[in-house]
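Listed below, chain by chain, are the residues.
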Amino acid sequence: MSKKGLILFLMAGLFWGLPYFFIVWALESFSTQTIVFARTLLGAVVLIPYAIKVGGIRPALRAWPYVVLFAVLEMVVPWFLITEAGKHIPSGLSGLLVSTVPFFAVAIMALVFKDRTALKPVPLLGMVIGFTGVVALVGIDSLLGHIDPLCVSAVVLAALGYAIAPIMANVKMREVPTSGVIGLSMALVAVLYSPSALSDLPRELSAGPTAHAWIALVVLGLVCSALAFVIFFELLKEVGPVKASLITYVNTAVALLLGTLFLSEPVTPGLLLGIPLISVGLYLSAKK
């Protein structure tokens, strides 16, 4: 991985490790629909003017079927599932479950696009070890009653969307400016969520949202959505979809650290076994 690729990798991993923590803050005062609406509206307000200025809107409009599909796979469904699951499972666990993205990405590249480079022995071994860590964590903590299997399934389904969307974008919209794709996607998602969000908002505002909740909405919209997506698309072009998907391991570390230090989330037996396996998996997966 080049120096530029490494910097983009670490930045994307950091910014996409933050949402799980800030979703917990936002849920103190706002519904899932309001949170998704707010973060996409803020992202669209920032990115669309910029996309217009740099000429990114027209190419994105010409590719509108893929923009719509990207929005559904990357935002409409995953952000609802992850935010809703955040009401019932720890933020660190959500981040950890999203680390299944690389496994889905490798399978798609190998089976659909016949990309055998995704199946080199050492990286493949790393992904198997990492996936084993996820399975061990979920299995142990489910048996001990620490987690809700339905919420776990929802986050893993979101991870599948996260795996498919960048691959599709890299294949079908590689030449379309990032700002246009993300700006239009966020505007579309904001429109889709606006009826339910706006019906919840008067009640939520009258109850007096906490300062934490307001801060969370701003960070989710500007940092974890607008800025993070721009960086991720640049990473996608630099290193390809399979390696880019490995940022989910960095996401996991950030989410677990924030959840443990600031939300007092428990360190369960499943985490104690799963985290070392996932860490080894990350190291081997990044090998050429």
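Use the structure listed above.
Summarised in this report is the structure supplied together with it. (Residues numbered from 1 in each chain as written. Predicted model: local features only at pLDDT ≥ 70, side-chain atom pairs only at ≥ 80, totals over all residues. Heavy atoms only, no water.)

1. Overview of unusual backbone geometry
Positive phi, close to 55 degrees, is recorded for Ser264, a residue that is not glycine. For Ser264, the position within the fold is in the loop between helix 13 (247–262) and helix 14 (269–285). (Helix = DSSP H or I, 4+ residues; strand = E, 2+ residues; numbered from the N terminus.)

2. Here's the deal with the side chain of Ser29
The topology assignment puts Ser29 in the loop between helix 2 (19–26) and helix 3 (32–54). Ser29 gets classed as buried once you look at its relative accessible area, which sits at 16%. Engagement of the side chain of Ser29 in a polar contact is seen with the backbone nitrogen of Thr210, the distance being 3.0 Å. Not counting residues within four places of it along the chain, the set of residues in contact with Ser29 comprises Glu204, Pro209, Thr210 and Ala213. (Buried < 20%, exposed > 50% of the residue type's maximum accessible area, 1.4 Å probe, protein only. Polar contact = N/O pair within 3.5 Å; in protein donor to acceptor, adjacent residues only side chain to side chain. Contact = heavy atoms within 4.5 Å.)

3. Overview of the packing of aromatic side chains
Evaluated as defined, the whole model comprises ten aromatic pairs. Measuring from ring centre to ring centre gives 5.5 Å for Phe22 and Trp25, while their planes differ by 90 degrees; the resulting arrangement is edge-to-face. Of this pair, Phe22 and Trp25 both sit in helix 2, three residues apart, roughly one helical turn. An identical accessibility class is assigned to Phe22 and Trp25; each is buried. Each residue in the set Trp16, Phe70, Trp79, Phe229, Phe232 and Phe233 is aromatic and connected to the rest through ring pairs, giving one cluster. The ring of Trp79 has Arg39 lying over it, and the distance from NZ or CZ to the ring centre is 3.6 Å. (Phe/Tyr/Trp six-rings, centres within 6.5 Å; stacked < 30°, edge-to-face > 60°. Lys NZ or Arg CZ within 6 Å of the ring centre and 35° of its normal.)

4. Details of the packing of helix 3 against helix 5 (residues 64–85)
Direction vectors running N to C along helix 3 and helix 5 enclose 130 degrees, while the axes themselves pass 9 Å from each other. Overall, the two elements helix 3 and helix 5 adopt an arrangement that is oblique. Once helix 3 is placed against helix 5, the crossing between them reads as right-handed. Residues Thr32, Gln33, Ile35, Val36, Arg39 and Thr40 of helix 3 form the contact with helix 5, whose own contacting residues are Met75, Trp79, Phe80, Thr83 and Glu84. (Axes fitted to C-alpha atoms, helices over the stretch in contact; angles between N-to-C directions. Parallel < 35°, antiparallel > 145°, perpendicular 65-115°, else oblique. Left-handed = near helix turned anticlockwise from the far one by under 90°.)

5. Here's the deal with the nonpolar core
If you look at the biggest cluster of nonpolar residues, it comprises 94 residues, and the most contacted ones within it are Phe70, Met173, Phe229 and Leu235. In terms of residue count, helix 11 (residues 211–239) provides more of this core than any other element does, 15 residues in total. The contact partners of Leu235, leaving out residues within four places of it in the chain, are Gly5, Leu8, Phe9, Ala12, Gly240, Ala244 and Ile247. (Core = buried A, V, L, I, M, F, W, Y, C linked by side-chain atoms within 4.5 Å.)

6. A look at the pattern of salt bridges
In the structure shown here, the tally under the stated rule is three salt bridges. For Lys87, the salt bridge identified is with Glu84, shortest N-O distance 3.2 Å. Judged by relative accessible area, which is 44%, Lys87 ranks as partly exposed. Of the residues examined, Glu84 reaches a relative accessible area of 28% and is grouped as partly exposed. Ionic pairing is found between Arg203 and Asp200, a salt bridge with its closest N-O pair at 3.7 Å. Of the two residues, Arg203 and Asp200 are both situated in helix 10 (residues 178–206); the distance of three residues between them amounts to about one turn of the helix. (Salt bridge = Lys/Arg side-chain N within 4 Å of Asp/Glu carboxyl O.)

7. A short note on the environment of Thr32
Note on placement: Thr32 falls in helix 3. Contact partners of Thr32, with chain neighbours within four places excluded, come to Leu27, Phe80, Thr83, Glu84 and Lys87. Of note is the side chain of Thr32, whose polar atom sits 2.6 Å from the side chain of Glu84.

8. Some points on the environment of Leu246
If you trace the backbone, Leu246 turns up in the loop between helix 12 (241–244) and helix 13. Between the C-alpha atom of Leu246 and that of Ala159, which follows or precedes it by 87 residues, the distance is 12 Å.

9. Re the side chain of Asp200
When its relative accessible area of 16% is taken as the criterion, Asp200 is described as buried. Separated by 3.0 Å, the side chains of Asp200 and Ser31 make a polar contact. When sequence neighbours within four positions are dropped, the list of residues in contact with Asp200 reads Ser31, Gln33 and Thr34.

By themselves, these are just geometric observations and shouldn't be taken as functional.
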